[in-house]
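Per-entry structural report
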Amino acid sequence: MNEHLIVLDLDGTLLTDDKKISSLTKETLFKAKQAGHQVMIATGRPFRASLPYYKELELTTPIVNFNGALIHHPKNPMWKTIHTPVDLGVVHDVVESVHKYEYDNLIAEVMDDVYLHREDEKVHEMFNMGSPNILMGDLKKTLKENPTSLLIQADDVNTPIIRKHLHDVHAELIEHRRWGAPFPIIEIVHKGLSKAIGIDFISKEMGIPRERIIAFGDEDNDFEMIEYAGIGVAMSNGIDDLKNIANEITLSNNEDGIAKFLQDRLKL
């Protein structure tokens, strides 16, 4: 069978709800690699929070982090890293403008440095994976360089209100996506970025055509990736809007959906 590129979102897709890779899914992905297929990760997470799974799957491929704001190759220092941060002035404008709305916290990430607008133990724990530098305080004072991403933590009621504001006021300069569990997050990255941008670049480097890309996702930040892939697969636990545009729907992240699909499609 021709070489395929298998693209994996992490949370809600590759990972079960307890943030593990199931034994069957892991075994199936190893079989896919042994059969000559390429396996890569495309996630909204920073690299430090993706590295344990990259190592567990023994990957040797590039990776897309921060929803396309960072495209790099952990195993090849000669491979050109593409980092596209948000302009600091734009971030300050967004921070100033969202103060009129109810939100829980603002979090900026500059690669592996994390800036928290407000002290919050749960948020601190969530972003502590990989032991980053964490700084506390008003982002307009502490943040001094263009961040890779800006996150707005808000509840389910206020998230759509804030997203409408971002669309109405800042749409020309930023992209914004929604995260699901463990709590609602709006992620802001540079205009024009998505996981699909990174996958397109990487697949062309590998010489794998679009029709032989199989991408798995479950959330708002997977739209472009699922549309771009020749075979876009939504998890059954994914949001309805994503399932509506996917080519296929597989079982949930807790039911080895990736493994079952690849076993059937790639005859593993």
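To start, this report covers the structure provided alongside it. (Residues numbered from 1 in each chain as written. Predicted model: local features only at pLDDT ≥ 70, side-chain atom pairs only at ≥ 80, totals over all residues. Heavy atoms only, no water.)

Some details on the overall build of the protein chain
In terms of regular secondary structure, the protein chain is built from 11 helices and 14 strands. The globule rule puts the C-alpha radius of gyration for 268 residues at 18 Å, and the 18 Å found for the protein chain is close to it. Once the C-alpha set of the protein chain is aligned to its principal axes, its extents read approximately 55 × 40 × 35 Å. Within the protein chain, buried positions represent 54% of all 268 residues. A sequence separation of at least 24 residues applies to 57% of the contacts in the protein chain between residues at least 6 apart. A total of about 11800 Å² of accessible surface is found on the protein chain, and carbon and sulfur atoms cover 48% of it. Counting 29 positive and 43 negative side-chain charges, the protein chain places the centres of these two groups 3 Å from one another. (Helix = DSSP H or I, 4+ residues; strand = E, 2+ residues; numbered from the N terminus. Rg over C-alpha atoms; globule rule 2.2 N^0.38 Å. Buried < 20%, exposed > 50% of the residue type's maximum accessible area, 1.4 Å probe, protein only. Contact = heavy atoms within 4.5 Å. Areas by Shrake-Rupley, 256 points an atom, 1.4 Å probe, with all protein chains shown as cover. Lys, Arg positive; Asp, Glu negative; His and termini not counted. Charge placed at Lys NZ, Arg CZ, Asp CG, Glu CD.)

Points about the pattern of salt bridges
Summed over all chains, the structure comprises 18 salt bridges. For K195, the salt bridge is made with D222, and the minimal N-O distance between the two is 2.6 Å. Note that K195 is positioned in helix α8 (residues 195-206) and D222 in the loop between β12 (213-217) and α9 (223-228), a separation of 27 residues in sequence. Under the relative-accessibility criterion, K195 is labelled buried at 1%. As a salt-bridge pair, E248 and R265 come within 2.8 Å of each other at their nearest N and O atoms. Of this pair, E248 sits in strand β14 (residues 248-250) while R265 sits in helix α11 (residues 257-265), and the two are 17 residues apart along the sequence. Residue class for R265 comes out partly exposed when judged on its relative accessible area of 29%. Connected via shared salt-bridge partners are E175, R177, K191 and E224. (Salt bridge = Lys/Arg side-chain N within 4 Å of Asp/Glu carboxyl O.)

Here we look at the nonpolar core
By size, the foremost hydrophobic cluster in this structure holds 25 residues, and its most contacted members are I6, L8, L14, L29, F216 and L262. Secondary structure elements with two or more residues in this core: β1 (5-8), α1 (10-14), α2 (23-34), β2 (38-41), α3 (51-56), β12, β13 (231-235) and α11. Among all residues touching L14, those that are not within four sequence positions of it are L8, D9, K20, I21, T25, L29, L57 and I258. Core analysis: the second largest hydrophobic core is formed by 22 residues, V86, V98, Y115 and L143 among them. (Core = buried A, V, L, I, M, F, W, Y, C linked by side-chain atoms within 4.5 Å.)

Describing α11
Within α11, burial applies to G257, I258, A259, F261 and L262. Tucked inside the fold, the buried residues of α11 contact β1, α1, α2, β12, β13 and β14.

Details of the packing of helix α4 (residues 88-98) against helix α7 (residues 158-170)
Contact geometry for α4 and α7: axes closest at 11 Å, N-to-C directions at 130 degrees. The angle between the axes of α4 and α7 places the two elements in the oblique class. Crossing geometry of α4 relative to α7 is assigned as right-handed. Contact residues: D93, V94, S97 and V98 in α4; I162, H165, L166 and H170 in α7. Looking at the contact of α4 with α7 residue by residue, the class counts come to four nonpolar, three polar and one charged. (Axes fitted to C-alpha atoms, helices over the stretch in contact; angles between N-to-C directions. Parallel < 35°, antiparallel > 145°, perpendicular 65-115°, else oblique. Left-handed = near helix turned anticlockwise from the far one by under 90°. Nonpolar A, V, L, I, M, F, W, Y, C, P; charged D, E, K, R; others polar.)

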